[in-house]
Amino acid sequence: MVGITQPKPGEHVNADGVWDLFRKKGKMTVFSLCLLLCADLLDLAVGYLTVTIEPLPPVVIGETVTLKCNFKTDGRLREIVWYRVTDGGTIKQKIFTYDAMFNTNYSHMEDYRRREDLVYQSTVRLPEVRISDNGPYECHVGIYDRATREKVVLASGNIFLTVMSPPNNISVVAENTPAPFSRYQAQNFTLVCTARGGKPAPSVYFKRDGELIEVISYTQPSTNEQGGSAAGVRGARPLISRDLDETKLQRSLSLLDPERRSARLYTESPQRVHTQGQQAYEPSPATEAIPETVVSREFPRWVHSTDPLYYFSHTHIPQSDGSVVVQARLTWTLNPQLDNDALFSCEVKHPALSMPMQTEVTLAAPKGPKLLMTPTRAKVGDTVHITVQGFQNEVFPEPLFTWTRVGGRLLDGSTEREGKVLILERVPAELNGSMYRCTAQNPLGSTDTHTRLIVFENPSMMKNTQNQNNAASRTDVLGLTWIALVLTVTVELT
């Protein structure tokens, strides 16, 4: 220590310590002596106080958490206060206080939000933790100053509580749907898997038919990825012979009409429609189920004999509650022949889950849409709705519906209309027997279904027409009578 010389070997230092050294050597200064005395007095007055908090592993939302504040002191305890730190440490909110003077404890939270309990003086329990409980906490311990007995000496410790939340919702959709089907041009297809409510962000991956898909990760899709890819990742599947038969392609091309639609079957014959609509006076159903045309499963030579490359990307979207929305995209060149009826699943892993969450979809082309026409007995002047009610199979992705009138334009003059419902307002008698085609298509295939509109006479409109005709005839008779009278008077006067 400064100001004190070490005693020579064999020299005795008595119990008086520094005073003995000062008396024998005279080397200690008055200032150094005062420092030693002050340190000795402070040690006797304050004692010691240390505070530590046991670290906690990450906890899952809904669990019960115990925060333990350990302290050691030889002084007299005054209080223990727990704080929750928010806004990056700028705000400290009291959550619980233990008053040692009165041996009482109380919460600083409102009654309806009170959830914490004091287990043992410095130990606080938080039942059913929420994401909002995530963050730093501090434990402040105060003891009495031995010198004055009025001041309180404080020491504190801190801990960060990490609250995890598993995803509460996952879903798979097809991007950019509904979309048309193309027999003669390859197109890319993208599945989007969205996982919501996870904290921290979960990991997302895809499987096909129960097997993990090997993917190529990318951040931004480039233009050269829009074309077809010929390399496979799960092994090559040879196409069956009929798919390589060029006569199939020529046949399908020959069936296209000038508007590049498939030629229709004999069920669209207008004469057959009109003869059936005028067979008898007994009312017949307003619609008749027409067998759908055969779903084309013919694909041109751009269909590769191997599976495509799968491209994978994902984005993280932070939410205000601390959770993260993860969107994962799987993109490949669609092969309708091989991908039809393929089962794709999206799986989500998270540290708060004991096993992955999963949702799955089966790619399928639409087959046999069921049409409903209301009213069932359409009369002249009624507004008719033709609605797609469903399919003979589950369809994914969402189909695109296109309505056309066989042999003519729709009632509003357009050639076609999209949507699940076709509305014909105030149908005239001329539409009796007309046939309507509903084309349902998605990137995997297309199918057509036909329905025939039978329009019945409207008695009320006929009555109004007859009344108008009678009134017109009476007016004509009166007019002729007046003309005859005028001519007679004129002849007599002349």
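The structure presented is a predicted model; accordingly, all values stated were derived computationally and were not measured.

1. A word on the packing of aromatic side chains
Phase 1: Considering all chains together, one arrives at 6 aromatic pairs under this definition.
Phase 2: Residues Y310 and W332 carry aromatic rings whose centres are separated by 5.3 Å and whose planes lie at 50° to one another, so their mutual orientation is tilted. Of this pair, Y310 sits in strand β18 (residues 310-318) while W332 sits in strand β19 (residues 324-333), and the two are 22 residues apart along the sequence.
Phase 3: By relative accessible area, Y310 is classed as buried at 0%.
Phase 4: For W332, a relative accessible area of 1% puts it in the buried group.
Phase 5: On the basis of an interplanar angle of 20° and a centroid distance of 4.9 Å, the ring pair of W332 and F344 is categorised as stacked. Highlighted residues: W332 in strand β19 and F344 in strand β20 (residues 343-349), separated in sequence by 12 residues.
Phase 6: Here F344 falls in the buried class, since its relative accessible area comes to 1%.
Phase 7: Taken together, the aromatic side chains of F189, Y310, W332 and F344 make up a single cluster linked through ring pairs.
Phase 8: A cation over a ring is seen here: R377 above F456, with NZ or CZ 4.3 Å from the ring centre.

2. Quick word on the nonpolar core
Phase 1: L191, V204, F206, W332, F344 and L363 are the most contacted members of the largest nonpolar core, which has 27 residues in total.
Phase 2: At the level of elements, β12 (169-174), β13 (188-198), β14 (203-208), β18, β19 and β20 are the ones that each hand at least two residues to this core.
Phase 3: Ranked by residue count, the leading element in this core is β19, at 5 residues.
Phase 4: Not counting residues within four places of it along the chain, the set of residues in contact with F344 comprises L191, K207, R208, I213, Y310, L330, W332, T359, E360, V361 and L363.
Phase 5: Of all hydrophobic cores here, the second largest spans 24 residues; its members include V51, V59, W82 and F96.

3. Quick word on the environment of L400
Phase 1: Checked against the element boundaries, L400 lands in strand β25 (residues 400-405).
Phase 2: A residue is classified by how much of its surface remains accessible, and L400, at 12% relative accessible area, is buried.
Phase 3: Setting aside its immediate chain neighbours within four residues, L400 contacts P178, A179, P180, E418, T439, A440 and Q441.

4. Quick word on the sheet that holds strand β5 (residues 91-99)
Phase 1: The strand order β6-β5-β4-β9-β10 describes an open sheet built from 5 strands, whose pairing is antiparallel. Each end of this open sheet is capped by a strand with a single partner; those strands are β6 (104-107) and β10 (152-161). Across the sheet, the axes of successive neighbouring strands diverge by a mean angle of 25°, strand direction being ignored.
Phase 2: Bridging between strand β4 (residues 77-86) and β5 involves 8 bridges; their strand directions are antiparallel. For Y83, the partnering residue across the bridge sits in β5 and is K94.

5. Side note on the confidence of the model for the chain
Phase 1: This prediction gives the chain a mean pLDDT of 75; 63% of its residues lie at or above 70.
Phase 2: Contacts for the low-pLDDT stretch residues 111-119, under 50 throughout, to residues beyond four places or in other chains number 26 contacts.
Phase 3: Note on residues 221-287: pLDDT is under 50 here. Beyond four places in sequence and across chains, it has 111 contacts.

6. Observations regarding the pattern of salt bridges
Phase 1: Taken as a whole and judged by the stated rule, the model has 8 salt bridges.
Phase 2: Between D339 and R208 there is a salt bridge, with the nearest N and O atoms lying 2.7 Å from each other. Residue D339 is located in helix α5 (residues 336-339), and its partner R208 is located in strand β14; the two are separated by 131 residues in the primary sequence. Each member of the pair, D339 together with R208, is buried.
Phase 3: The shortest N-O distance in the salt bridge between D382 and K379 comes to 3.9 Å.
Phase 4: Overall, the relative accessible area of 31% leaves K379 in the partly exposed class.
Phase 5: One network of salt bridges, with partners in common, ties together R208, D209 and D339.

Criteria and thresholds
Residues numbered from 1 in each chain as written. Predicted model: local features only at pLDDT ≥ 70, side-chain atom pairs only at ≥ 80, totals over all residues. Heavy atoms only, no water. Phe/Tyr/Trp six-rings, centres within 6.5 Å; stacked < 30°, edge-to-face > 60°. Helix = DSSP H or I, 4+ residues; strand = E, 2+ residues; numbered from the N terminus. Buried < 20%, exposed > 50% of the residue type's maximum accessible area, 1.4 Å probe, protein only. Lys NZ or Arg CZ within 6 Å of the ring centre and 35° of its normal. Core = buried A, V, L, I, M, F, W, Y, C linked by side-chain atoms within 4.5 Å. Contact = heavy atoms within 4.5 Å. Pairing = 2+ DSSP bridges. Axes fitted to C-alpha atoms, helices over the stretch in contact; angles between N-to-C directions. pLDDT = per-residue confidence, 0-100. Salt bridge = Lys/Arg side-chain N within 4 Å of Asp/Glu carboxyl O.

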